[in-house]
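Each chain, written out:
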Amino acid sequence: MPRSQSTAAQRAREAQQQGGGKFTALLRQAAGGEPLSTFALRDLLAECSTSPLVVVDWDYHPDYDVRGPQMFDSELMGGPVPYGTVLALAGALSQSAMDAELLVESHSRLEGAVVRCEGRRFNLVLTQEMVYELCRTPRCHHHPVEEFDIPFCTAHLAERSTEELVRMARAWGYAQHETHSNDPGNATTGLEGTLLVRAAVARAAVSETLDVMVEACFQDPNLIDDVYWDADVAMAVRHGMDRERLRLEKEAKAEAARLRKAAGDSCTTCGRTLSRHWPGWNVPPQFCSTTCAPDTPPQPSEGNPWARSFR
Ligand SMILES: [Zn+2]
Ligand SMILES: [Zn+2]
């Protein structure tokens, strides 16, 4: 057994043997809020390739002729895991080194487990041979807006700093530029671009985010004629940029109106009625001015309008 492995799973097993009880609850208790287990990717793959098949009682009705996936009993994970799920995780982590550290954030026996690696989070489905990526915020169970370039769910996206939003917007814009390379005038940042701009409204970072994303998705306006020698294509790209910018600005205005309404149409700090006139994108919509706006906009949380699901 690798030395790095914690003994939470062992302690939980011992507690179950002595006093009974649900393994998952005991495991959580044994871990005391700490990661249930940590180990290297190499160790999990070694365990997967050398452990014998284990027969699992799925507690299905006898008439229900469904066989679960082929599984092995993983000491590292703290329970049975499908071989295929581990292999799918290895595929998702193919860019990571074999000594990358995996951390088990949660584990529900024969249901699912959440594993972290290098800031990424994965839901390991234990009833099928399947893995899917989760929002990078610890304990969040939502899908990211986009796995590679926008790795947070819609609610947690609004918690990111201006710098992070701009970085994501640039990466996503470039990705869409590549996707539409055969028809550059019709490029669009799509729903993902909309979600980035909505998050930027909450951060008072619309101008920076929108400029960077539209330019990455199309072209530096000063270089269009140099890059696209065909005048028709150059014109289509200019038109496409205007169209995309207009679309995203409309989305930003609608989101700002929604946030103002959620704040009761009055400044959250001083109570002054929020002007119908646009105070500018550098002020979060629920404040009347930069003076009233806090340095850090409010974070999304349960029951708070920032936490709205955008989908
Ligand atoms: Zn999230
Ligand atoms: Zn105010």
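Residues numbered from 1 in each chain as written. Chains lettered and ligands numbered in written order. Predicted model: local features only at pLDDT ≥ 70, side-chain atom pairs only at ≥ 80, totals over all residues. Heavy atoms only, no water.

Report on the packing of helix α7 (residues 190–202) against helix α8 (residues 206–217), specifying residues and quantitative values.
The geometry of α7 relative to α8 is characterised by a closest axis approach of 8 Å and an angle of 160° between their N-to-C directions. With respect to α8, the element α7 is oriented roughly antiparallel. Contacts between α7 and α8 pair Gly-193, Leu-196, Val-197, Ala-200 and Val-201 from the former with Val-206, Thr-209 and Met-213 from the latter. Of the residues assigned to the contact of α7 with α8, the class counts are six nonpolar, two polar and no charged. (Axes fitted to C-alpha atoms, helices over the stretch in contact; angles between N-to-C directions. Helix = DSSP H or I, 4+ residues; strand = E, 2+ residues; numbered from the N terminus. Parallel < 35°, antiparallel > 145°, perpendicular 65-115°, else oblique. Contact = heavy atoms within 4.5 Å. Nonpolar A, V, L, I, M, F, W, Y, C, P; charged D, E, K, R; others polar.)

So, the coordination of the zinc ion (ligand 1): which residues are in play, and what are the values?
For the zinc ion (ligand 1), the protein coordination sphere consists of Cys-135 (SG), Cys-140 (SG), Cys-153 (SG) and His-156 (ND1), at 2.0 to 2.4 Å. Every donor counted, the four donor atoms about the zinc ion (ligand 1) form angles of 97 to 113° at the centre, which fits tetrahedral coordination. Sequence spacing among the residues donating to the zinc ion (ligand 1) works out to C-x4-C-x12-C-x2-H. Of this pair, Cys-140 sits in the loop between β8 (130–134) and α5 (154–157) while His-156 sits in helix α5; the two residues are 16 residues apart in sequence, bridging distant segments of the chain. Its relative accessible area of 6% is what places Cys-140 among the buried residues. (Donors = N, O, S within 2.8 Å, 3.2 Å for Na, K, Ca; no water. Tetrahedral: all angles 85-135°; square planar, octahedral: opposite > 155°, others 65-115°. Buried < 20%, exposed > 50% of the residue type's maximum accessible area, 1.4 Å probe, protein only.)

Quick rundown of the packing of aromatic side chains? Include the residues and the values.
Inspection of the entire model under this criterion finds one aromatic pair. Ring plane angle 35° and centroid distance 5.1 Å describe the contact between Phe-72 and Tyr-83, whose orientation is recorded as tilted. Of this pair, Phe-72 sits in strand β3 (residues 71–74) while Tyr-83 is found in helix α4 (residues 83–92), placing the two residues 11 residues apart along the sequence. Assessed through its relative accessible area of 16%, Tyr-83 is described here as buried. (Phe/Tyr/Trp six-rings, centres within 6.5 Å; stacked < 30°, edge-to-face > 60°.)

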